[in-house]
Amino acid sequence: MPEQATEVTAAGIARLAGVGRAAVSNWRRRHADFPKPVGGTETSPSFALPEVEQWLRDQGKLAEVPLRERVWQQVAGHPEGAVTALTHTGCALLLVRDRPTAWLELTAVSDERMAGVLPHAMEEVLGARLGPDTEARARSGGPVPSGRAVAPVLTGSDTPAGRPSDGSPAAGSPAGDAGSVHSPSAVHTARAVPTPSTDALLPSVPLLRAAAELAAGIGAGQTFEFLLGRQLDANPRQYTLTPPGLAELMAALAETGKDTDQPGGRRPVRSVLDPAAGTGTLLRAVAGPAELLAQEVDPALAALTALRLALHGDGSPRSTPARTVRGGDALRADAFPQLAADTVLCHPPFNDRNWGHDELAYDPRWEYGFPARTESELAWVQHALARLRTGGTAVLLMPPAAASRRSGRRIRADLLRRGALRAVIALPAGAAPPYGIPLHLWVLRKPGGELRPVPELLLVDTTDPVGPGTATGTQTSGGRDRPDWPAVHAAVLDAWRDRADHPGVSRVVPVIELLDDDVDLAPARHLPRPAAGGGAAGLEDVRERLADTLRLTADLTPPPAELSAPAHRPLTTVGELARAGALLLRTGTGTAPRTDTGTTPVLTEHDVLAGTAPSGTPAPPPTGAPGTPAPDDLVLLEPGDVVVPVLGAGSVARVVDEATAGAALGRNLQLLRPDPAAIDPWFLAGFLRGTANHRQASSYASTAARLDARRLQLPRLPLAEQQRYGEQFRALAAFEDALRTAGRLGGQLVRGMYDGLTDGTVTPR
């Protein structure tokens, strides 16, 4: 095996061959010629990718490794690590996109020669997109552009070399300039992406060639997005991500606010800053041309973010506004101390007690009060305001506790008095990590000049939206981390534009009402949820609907059962029927195509269990993957399909009707599409729900059960006999739906009566 060959784990082998990880484990046990591990650990070994590819081809399990997978495996198996590989790949993709002719000339030579000439070519495109590498010029003795100080070398940690880990200035370092006591003037002005050296690039040349080949098919930007997305997915605990739906909402709030107090009306975004950029998702969501500025404490992540922003869009360096990314902690070592941006978007770290409380006590940014050690989020709020122009807008993602903690009440009060805080918006749980709590958005505007303080605060609550699509008042969601973003966007942006009272959704509260001892700004405190059933006026309608449903339930009650001896019928399995072509088996992925009217709804596991309409939103494709899912990934429902949950949901099966047809099949669901000439769908669904049948087809782990649909059994019966059973099963399903509806309406009526009696809108009889 050649030195520094790319390695791949068992999960990677499964992805290459299109099988599960259990199949790879079986191959290792059953085939003596399976490649031996070359690295990793005993519990998670790694294998040489060339050997694995050859073995898969010899076994007929792989005709050709997909190019995307081959490139990703080279990134994951890079000898210097995936982050270094991604940085080199991003630099090469910039060259491929901006100077394709030069790239073709470079790739015509040997790997060694290519590695020798790449640094100069990369420096040209990096300099054009991200500015000159002042650090490299200083090391080589070259001139440094005027007005730019030389930054110290950033090490692999989150702090600059020569700087204590607590963020205080190193001994002998300058105390800082008059405009920024917290940041030495020579810190963090270097470009976030240094030009790779020849020696560093040599192991990456095969990867760069493969990445360029992939870029020829899907584009340089999409290639980098795909590889970066795979890296983020493979290391979920290392990164705190901002979901795209949330980023789009924050950017829209900054751009579409109806701000009648601002002279000249709406002002387009010209410069946008993210002082805690992470992977750059917030800045990528900014619409229209804008100068993007970012700072990120992790130097490796800052480099990836800079490349991501540089590769976003197809404009030339001359027509594309600047993308400026710097490393370092924005609170302790601000890279933009003189900036007056139009907009600040920020998803700051939460509950950070080491934010610099001790060394930043006399910082001029604390116009609204010195934050307590436990109020790091309020430090970020004031940093954002300090970097805005007068009248500029900032949108920050905040934990809900920041709106009500007593330690922050003085700062909150001053933000209100001076008109800096314009809105507090409560989001649904699951909008961003931590997923279990409803986070808040704070919308701020920098006061000053001719702007008069606004004596009111807009409070918006979307934690439990109730609308036409949610007849029972339940939240429509696509999963734990996928709220119904279109509905959330509409509710929030409408409230922000109108700045009007909408019962249960938004309220404009006079500042004087909020300036009490607590200064509690949580929307739930001042914006009570609407009573169930639409309040007292809607209770009569709920009662009538409940009465109609109970009458229907009584009509649908099954007649007395006719008992008989247990039948002994020949059985077959779903797996045998699938092999015979009598039905089709598909597994849900949650992906769905876009249509002229938006995205296709997704039938979720919750929808199947609750008997509700498809309520999910499509799972986003892998970051950087093409927007339209591959045909093999799409599973769209048709009338007569039978859907069953596969994870410990009990014996449940749902027959798709005309109203549900066209939706996409969600995750953790399996679809059985019977041939109507051979199998009646209601007959199939009914026998799949048998308790004994379900039990014998399930396997059990320590905490959950998983259904193997192929092991489910059916009796062999003529189609006419199947239809007779099917009619009975259909009647039972209608009775079950009526019971479920009656339960929901009954609960709604009970909650509404309790609310009405307690708030005085209903009087006891």
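Before reading on, note that the structure itself is shown above.
What you see is a predicted model; the values in this text were computed from it and never measured.

Calculation rules
- Residues numbered from 1 in each chain as written.
- Predicted model: local features only at pLDDT ≥ 70, side-chain atom pairs only at ≥ 80, totals over all residues.
- Heavy atoms only, no water.
- Helix = DSSP H or I, 4+ residues; strand = E, 2+ residues; numbered from the N terminus.
- Contact = heavy atoms within 4.5 Å.
- Areas by Shrake-Rupley, 256 points an atom, 1.4 Å probe, with all protein chains shown as cover.
- Pairing = 2+ DSSP bridges.
- Axes fitted to C-alpha atoms, helices over the stretch in contact; angles between N-to-C directions.
- Buried < 20%, exposed > 50% of the residue type's maximum accessible area, 1.4 Å probe, protein only.
- Polar contact = N/O pair within 3.5 Å; in protein donor to acceptor, adjacent residues only side chain to side chain.
- Salt bridge = Lys/Arg side-chain N within 4 Å of Asp/Glu carboxyl O.
- Core = buried A, V, L, I, M, F, W, Y, C linked by side-chain atoms within 4.5 Å.
- Parallel < 35°, antiparallel > 145°, perpendicular 65-115°, else oblique.
- Nonpolar A, V, L, I, M, F, W, Y, C, P; charged D, E, K, R; others polar.
- Phe/Tyr/Trp six-rings, centres within 6.5 Å; stacked < 30°, edge-to-face > 60°.
- Lys NZ or Arg CZ within 6 Å of the ring centre and 35° of its normal.

Trainee: Where do I start with the overall build of the protein in this structure?
Mentor: Helix and strand counts for the protein come out as 25 helices and 24 strands. Taking as baseline every contact in the protein between residues at least 6 positions apart, the subset at least 24 positions apart corresponds to 74%. When the accessible surface of the protein is split by element, carbon and sulfur atoms take 53% of a total near 35,700 Å².

Trainee: I would appreciate a short explanation of the sheet that holds strand β6 (residues 323-327) in the present structure.
Mentor: For sheets, the rule is that strands pair by backbone hydrogen bonds, running either parallel or antiparallel. Spatially, β6-β5-β4-β7-β8-β10-β9-β11-β12 is the arrangement adopted by the nine strands of the open sheet, whose pairing is mixed. At either end of the open sheet lies a strand with only one pairing partner, and these are β6 and β12 (506-510). Across this sheet, the average inter-strand angle for adjacent strands is 15 degrees, counted without regard to direction. Judged from the six bridges that link them, strand β8 (residues 388-398) and strand β10 (residues 440-445) form a sheet pairing that is antiparallel. From the neighbouring strand, L396 faces β10, where its bridge partner is W442. Sitting on the sheet, helix α16 (residues 409-417) is in contact with β9 (421-426), β10 and β11 (456-461), with an inclination near 50 degrees to β10.

Trainee: I keep staring at the environment of T572 and nothing clicks. Help me out?
Mentor: Among the secondary structure elements, T572 is positioned in strand β13 (residues 571-573). With a relative accessible area of 6%, T572 lands in the buried category. Between the C-alpha atom of T572 and that of R716, which follows or precedes it by 144 residues, the distance is 6.5 Å. With residues near it in sequence (within four places) discarded, T572 still touches L577, L712, Q713, L714 and R716. Among the polar contacts made by the side chain of T572, one reaches the side chain of E576 at a distance of 2.6 Å.

Trainee: So what exactly am I meant to see when it comes to the pattern of salt bridges here?
Mentor: A side chain of one charge can pair with a side chain of the opposite charge when the charged atoms of the two come close. This structure, assessed with the given rule, holds 33 salt bridges. The partner of R497 in a salt bridge is D494, and the shortest N-O contact between them spans 3.7 Å. Pair noted here: R497 and D494 are both in helix α17 (residues 485-498), with a separation of three residues, about one helical turn. Residue R497 is classed as partly exposed on the basis of its relative accessible area of 33%. Owing to a relative accessible area of 41%, D494 belongs among the partly exposed residues under this scheme.

Trainee: For this particular structure, what's the right way to read the nonpolar core?
Mentor: Most often, soluble globular proteins have nonpolar side chains that are buried together. Within the largest apolar cluster, 87 residues are counted, with the highest numbers of intra-cluster contacts made by L253 and L441. Apart from residues lying up to four places away in sequence, L441 is in contact with L246, L249, M250, L253, V395, L396, L397, A423, V424, I425 and L427. With 42 residues, the next largest nonpolar core counts L378, L396, I411 and A413 among its residues.

Trainee: When you look at the packing of helix α5 (residues 82-98) against helix α7 (residues 111-130) in this model, what are you seeing that I'm missing?
Mentor: Two measures define how a pair of helices packs: the angle their axes make with one another and the distance between the axes. α7 packs onto α5 with a crossing angle of 75 degrees between their chain directions and a minimal axis gap of 9 Å. What the angle tells us is that α5 and α7 run roughly perpendicular. Residues H88, C91, A92, L94, L95, R97 and D98 of α5 touch α7, and the partners they reach there are L118, A121, M122, V125, L126 and R129. Split into classes, the residues belonging to the contact of α5 with α7 amount to nine nonpolar, one polar and three charged.

Trainee: Is there a simple way to think about the packing of aromatic side chains in this case?
Mentor: Throughout the structure, instances matching the rule amount to nine aromatic pairs. Measuring from ring centre to ring centre gives 5.6 Å for F687 and Y725, while their planes differ by 55 degrees; the resulting arrangement is tilted. Highlighted residues: F687 in helix α23 (residues 681-688) and Y725 in helix α25 (residues 719-759), separated in sequence by 38 residues. On the accessibility criterion, Y725 (26% relative accessible area) is partly exposed. Judged by centre distance (5.6 Å) and plane angle (85 degrees), the rings of F687 and F729 are edge-to-face. Here F687 is found in helix α23, whereas its partner F729 is found in helix α25, with 42 residues between them in sequence. F687 gets classed as buried once you look at its relative accessible area, which sits at 17%. Three or more aromatic residues link up through ring pairs in this structure, and these residues are W27, F34, F47 and W55. Its end group placed over the ring of F226, R68 keeps NZ or CZ at 4.2 Å from the ring centre. Here the guanidinium or amino end of R724 rests over the ring plane of Y725, the centre of that ring lying 5.9 Å away.

Trainee: Which parts of the structure should I look at to understand helix α4 (residues 67-76)?
Mentor: Every α-helical turn comprises 3.6 residues, leaving residues that sit three or four positions apart pointing alike. Buried residues of α4: E69, V71, W72, Q73, Q74 and V75, and no others. Buried residues along α4 sit against β1 (7-9), α1 (10-17), α3 (49-58), α5, α10 (205-218) and α11 (220-234).

Trainee: Would you take a moment to explain α16 for this structure?
Mentor: For α16, the full list of buried residues reads I411, R412, A413, D414, L415 and L416. On the buried face of α16, the contacting elements are α15 (376-386), β9, β10, β11 and α18 (511-514). Two residues or fewer after α16 comes G419, characterised by a positive phi angle close to 75 degrees.

Trainee: How should I be thinking about the sheet that holds strand β14 (residues 583-587) in this particular structure?
Mentor: The strand order across the open sheet formed by four strands is β14-β21-β18-β19, and the pairing between neighbours is antiparallel. Every other strand in the sheet has two partners, leaving β14 and β19 (654-655) as the edge strands with one partner each. Bridge count between strand β18 (residues 642-645) and strand β21 (residues 669-674): four bridges; the pairing is antiparallel. Directly across from P645, in β21, lies its bridge partner L669. Lying over the sheet, α23 contacts β18, β19 and β21, oriented at roughly 15 degrees with respect to β18.

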